[in-house]
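Structural description and commentary
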Amino acid sequence: MDEARGIPRWLAIASFVLISVLALLALRLARRPPAAFGTVVASVLQPGGPGIELWLSTQDRRLRLARQADVPISDAGSAPADVVIDSGKTYQSIVGFGAALTDASAWLLQNKLSAPARRALLLELFGPPPGLGFNMVRLTIGASDFSLQPYTLDDLPAGAVDPDLQHFNVAANLRDVIPAVQEVLSIDPDLRIIASPWSAPAWMKTSANLIGGTLLEQYESSYAQYLVKYVDTYRGYGIPIFALTLQNEPGFVPVTYPGMLLSAEQRARIIEQYLGPALAGRRPATRILGWDHNWDEPQQPLDVLYDAEAARYIDGIAWHCYRGAPSAQSEVHRAFPRKDAYITECSGGDWESARHGELLWFARDLLLGGLRNWARGVIYWNLALDEQYGPHFGGCGNCKGIVTIDSRTGAVSRNDEYYAFAHYSRFIRPGAVRIWSTDTGDDLKNVAFRNPDGGSIVLVLVNGKAEVHEVSVQQGDIAFRYTMPAESVATFVWQPRQTGKPSATNLPHNGNASTPVAR
């Protein structure tokens with residue numbers, strides 16, 4: 001019959017087969033699971049054209065900073081969106097993100113990686129996107145628990161003292177730490193370095209030991225000069241120190257590694273009488289950050305800031321994550337809005353609470369929570385540790401680095417913390433400002449920024465629920481919708497259509513915008 005109509009029989013058969021295949025494909029597509037399981041597939045099937053760039057990670061590690069198809073832009077509707085962004089309301093400017101280059105991290109980099117492998121890893125961590133874009137480092141002044149042995153920069157035989165610091169030296173840092181920092185600076189000359197001591201030299205302390213005790217009042221001036229000598233000596237090696245803290249965790253006395261108590265009264269006195277005047281007027285400036293301990297005791301940094309003479313030398317407060325909540329940063333900010341906030345230490349590890357992964361906690365509780373509470377920078381603890389959570393003596397026996405370097409093979413693996421930080425550090429550039437966005441509650445958290453590179457908008461969303469969460473977003477006359485997978489982190493980036501100037505443009509010296517404290 002087909003041939004009678006002028007259609008060859010072979011062509012009719014081929015057409016029938018093609019139609020059958022297409023019908024079967026359509027049936028299978030119709031039977032695909034809903035958005036709860038098909039978020040990635042759905043995004044691939046979205047129409048092409050300009051849209052919202054999207055990177056996605058899931059707690060189950062199925063997706064780890066995976067680029068997704070752009071989310072289509074739609075015009076803003078009349079109904080209010082779940083997340084409304086107002087780029088005209090600005091808060092703090094961002095200095096950056098990073099991790100601590102501890103003795104352990106530096107030793108692994110220098111001794112367990114070949115020079116090309118080390119360079120490649122440092123470029124990945126500190127290079128611009130597609131690198132992580134880290135631009136901050138924390139250094140320890142002397143040993144921490146993540147050192148190969150205890151030491152300070154002015155160690156003497158028992159009973160000897162050195163108030164004029166004639167024996168000060170950084171010999172312990174010449175092999176690993178200083179070369180590692182110099183290599184990072186060759187990648188990012190604008191690297192911001194925050195340095196913290198774990199203990200004064202033993203001869204300065206009541207315990208006459210690096211472990212325990214507190215600083216003898218007669219050596220407060222020497223201790224301040226010890227910190228100044230560190231700044232000057234490192235500058236001589238081409239390593240500028242952006243900020244100092246007076247003492248790591250001054251309210252805690254470890255029993256297996258260096259540390260010491262330092263009361264608020266003593267911290268205020270050292271800053272007011274010795275360290276502040278010694279650093280004042282230096283160019284480039286080295287800032288002083290107070291506290292350097294947990295969120296659960298905001299009164300501790302406040303007690304020092306209430307001392308007006310000490311406070312005039314303090315640029316901000318350094319915070320740790322192990323107790324309390326980041327809202328403590330806002331409590332201090334409300335009392336002293338011109339003082340910056342930095343998170344200078346937080347570690348992940350293989351402990352019970354991390355059994356199902358740490359992506360959500362670090363992306364939501366540390367980074368998003370810290371940034372919504374005025375943090376200008378967030379620094380993780382160890383940049384790199386080995387497969388045995390070291391090398392270290394005492395202290396944390398199961399802490400993890402941003403990366404793990406296998407001490408036997410040199411293989412590098414990237415931990416959950418790597419991806420949590422990447423959702424921020426790869427997209428939020430130095431000089432970006434946090435902008436107002438709807439506080440969406442506990443299940444769906446968000447924070448937004450405007451970059452200095454022509455004004456791109458960055459939105460980080462965290463879905464903490466064990467089910468999908470559809471969310472609508474509006475910024476100016478731009479709107480879009482997206483279905484967040486269960487327990488996931490998403491970073492969205494786009495160029496705004498409206499480029500009007502923000503309502504608050506006068507930034508004080510510390511980078512906090514003159515806007516309401518409301519979050």
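Residues numbered from 1 in each chain as written. Predicted model: local features only at pLDDT ≥ 70, side-chain atom pairs only at ≥ 80, totals over all residues. Heavy atoms only, no water.

Of the regular secondary structure elements, the chain holds 12 helices and 23 strands. Among the 519 residues that make up the chain, the fraction classed as buried is 55%. Considering only intrachain contacts with a sequence separation of at least 6, the fraction spanning at least 24 residues in the chain is 72%. Summing over all exposed atoms, the chain offers an accessible surface of approximately 21,500 Å²; the carbon and sulfur share of this is 53%. (Helix = DSSP H or I, 4+ residues; strand = E, 2+ residues; numbered from the N terminus. Buried < 20%, exposed > 50% of the residue type's maximum accessible area, 1.4 Å probe, protein only. Contact = heavy atoms within 4.5 Å. Areas by Shrake-Rupley, 256 points an atom, 1.4 Å probe, with all protein chains shown as cover.)

Next up on the list: the sheet that holds strand β22 (residues 478-484). Taken together, the 10 strands give an open sheet; going across it, the order is β2-β1-β23-β20-β19-β18-β4-β21-β22-β3, and neighbouring strands pair in mixed fashion. In this open sheet, the two edge strands, each paired with only one partner strand, are β2 (66-72) and β3 (74-75). Both strand β21 (residues 469-475) and β22 contribute to a ladder of 7 bridges, which runs antiparallel. Counted as the bridge partner of V471 is Y482 from β22. Contacting β1 (51-58), β4 (83-93), β18 (433-437), β19 (444-450), β20 (457-463) and β23 (488-494), helix α11 (residues 359-372) runs over the sheet at an angle of about 50° to β19. (Pairing = 2+ DSSP bridges. Axes fitted to C-alpha atoms, helices over the stretch in contact; angles between N-to-C directions.)

What follows covers the state of the cysteines. Here, disulfide denotes a covalent bond that connects the sulfur atoms of two cysteines. Summed over all chains, the structure comprises 2 disulfides. Sulfur-sulfur distance for the disulfide between C396 and C399 comes to 2.1 Å. Taking the sign of the S-S torsion, about 110° here, the bridge from C396 to C399 comes out right-handed. Judged on exposure class, the residue C396 and its partner C399 are both buried. For the chain, the bonded cysteines pair up as 1-2, 3-4 when numbered in the order they occur along the sequence. (Disulfide = S-S within 2.5 Å.)

Among all positions in helix α10 (residues 327-335), only A328, Q329, S330, V332 and H333 are buried. Lining the buried residues of α10 we find α8 (299-305), β10 (316-320), β11 (340-345), α11 and β13 (375-382).

We now examine the pairing of β22. Most of β22 sits out of view: 5 of its 7 residues are buried. Sheet analysis places β3 next to β22, joined by 2 bridges and oriented antiparallel. Looking at β22, one finds that S74 is bridged to A479. Counting the residues that bridge the hairpin from β21 to β22 gives 2 residues, and of these G476 lies at a positive phi of roughly 60°.

This brings us to unusual backbone geometry. Cis geometry is adopted by the peptide bond preceding P130, which originates at P129 and carries an omega value of 20°. Among the structural elements, P130 can be located in the loop between α4 (115-126) and β6 (136-141). With an omega of 0°, the peptide bond running from R283 to P284 counts as cis. Locating P284 in the fold gives a position in the loop between α7 (264-279) and β9 (287-294). Of note in this structure, R61 is not a glycine but carries a positive phi near 70°. The residue E249 is not glycine, and still its phi comes out positive at about 45°. Relative to the elements of secondary structure, E249 occurs in the loop between β8 (243-245) and α7.

Among the nonpolar cores identified, the biggest contains 111 residues, and Y230 and Y424 are the most heavily contacted of them. Setting aside residues up to four positions removed in sequence, Y424 forms contacts with F97, A363, L367, L368, L371, V447, V460 and V462. Among the nonpolar cores identified, the runner-up in size contains 24 residues, and I85, V433, I457 and W494 belong to it. (Core = buried A, V, L, I, M, F, W, Y, C linked by side-chain atoms within 4.5 Å.)

To continue, consider the packing of helix α3 (residues 103-111) against helix α5 (residues 177-187). As a packed pair, α3 and α5 sit with axes 9 Å apart at the nearest point and diverge in direction by 75°. Compared by their axis directions, α3 and α5 come out roughly perpendicular. Counted together, D103, A106 and Q110 of α3 and V177, P179, A180 and E183 of α5 form the full contact between these two elements. (Parallel < 35°, antiparallel > 145°, perpendicular 65-115°, else oblique.)

Attention now goes to the sheet that holds β13. Taken in spatial order, the 8 strands close into a barrel running β5-β6-β7-β8-β9-β10-β11-β13, and their pairing is parallel. Each strand axis lies, on average, 25° off the axis of its neighbour in the sheet, ignoring direction. Sheet analysis places β10 next to β11, joined by 5 bridges and oriented parallel. Note that in β11 the partner of I317 across the bridge is A341.

Enumeration over the complete set of coordinates arrives at 20 aromatic pairs. Ring centres of W198 and W381 lie 5.5 Å apart, and the angle between their planes is 10°; this geometry places the pair in the stacked category. Placement of W198 in the loop between β7 (192-197) and α6 (220-236) and of W381 in strand β13 is noted, with a sequence separation of 183 residues between them. Linked through ring pairs, F126, F134, W361, F362, Y380 and F421 together constitute an aromatic cluster. The positively charged end of R67 is found above the aromatic ring belonging to W55, 4.6 Å away from the centroid. The aromatic ring of Y91 is capped on one face by R434, whose charged end is 4.3 Å from the ring centroid. (Phe/Tyr/Trp six-rings, centres within 6.5 Å; stacked < 30°, edge-to-face > 60°. Lys NZ or Arg CZ within 6 Å of the ring centre and 35° of its normal.)

It is worth spelling out the side chain of Q68 at this point. Looking at the secondary structure, you find Q68 in strand β2. A relative accessible area of 6% means that Q68 is categorised as buried. Among the polar contacts listed, one links the side chain of Q68 to the backbone oxygen of A66, at a separation of 3.2 Å. (Polar contact = N/O pair within 3.5 Å; in protein donor to acceptor, adjacent residues only side chain to side chain.)

Looking now at the confidence of the model for the chain. Here the chain averages 88 in pLDDT, while 86% of its residues score no lower than 70. Summarising per-element confidence for the chain, the mean pLDDT is lowest in helix α2 (residues 35-44) (30) and highest in β10 (99). This model gives residues 512-519 a pLDDT under 50, and the stretch forms 31 contacts once residues within four places in sequence are excluded. (pLDDT = per-residue confidence, 0-100.)

Before going further, it helps to spend a moment on α11. Between its terminal C-alpha atoms α11 stretches 18 Å, which fits the 20 Å expected from 14 residues at 1.5 Å a residue. Counted residue by residue, α11 has 11 buried out of 14 residues, so it is predominantly covered. Buried residues of α11: L359, L360, F362, A363, L366, L367, L368, G369, G370, L371 and R372, and no others. Looking at the residues trailing α11, positive phi occurs at W374, about 80°. (Expected span 1.5 Å × (residues − 1).)

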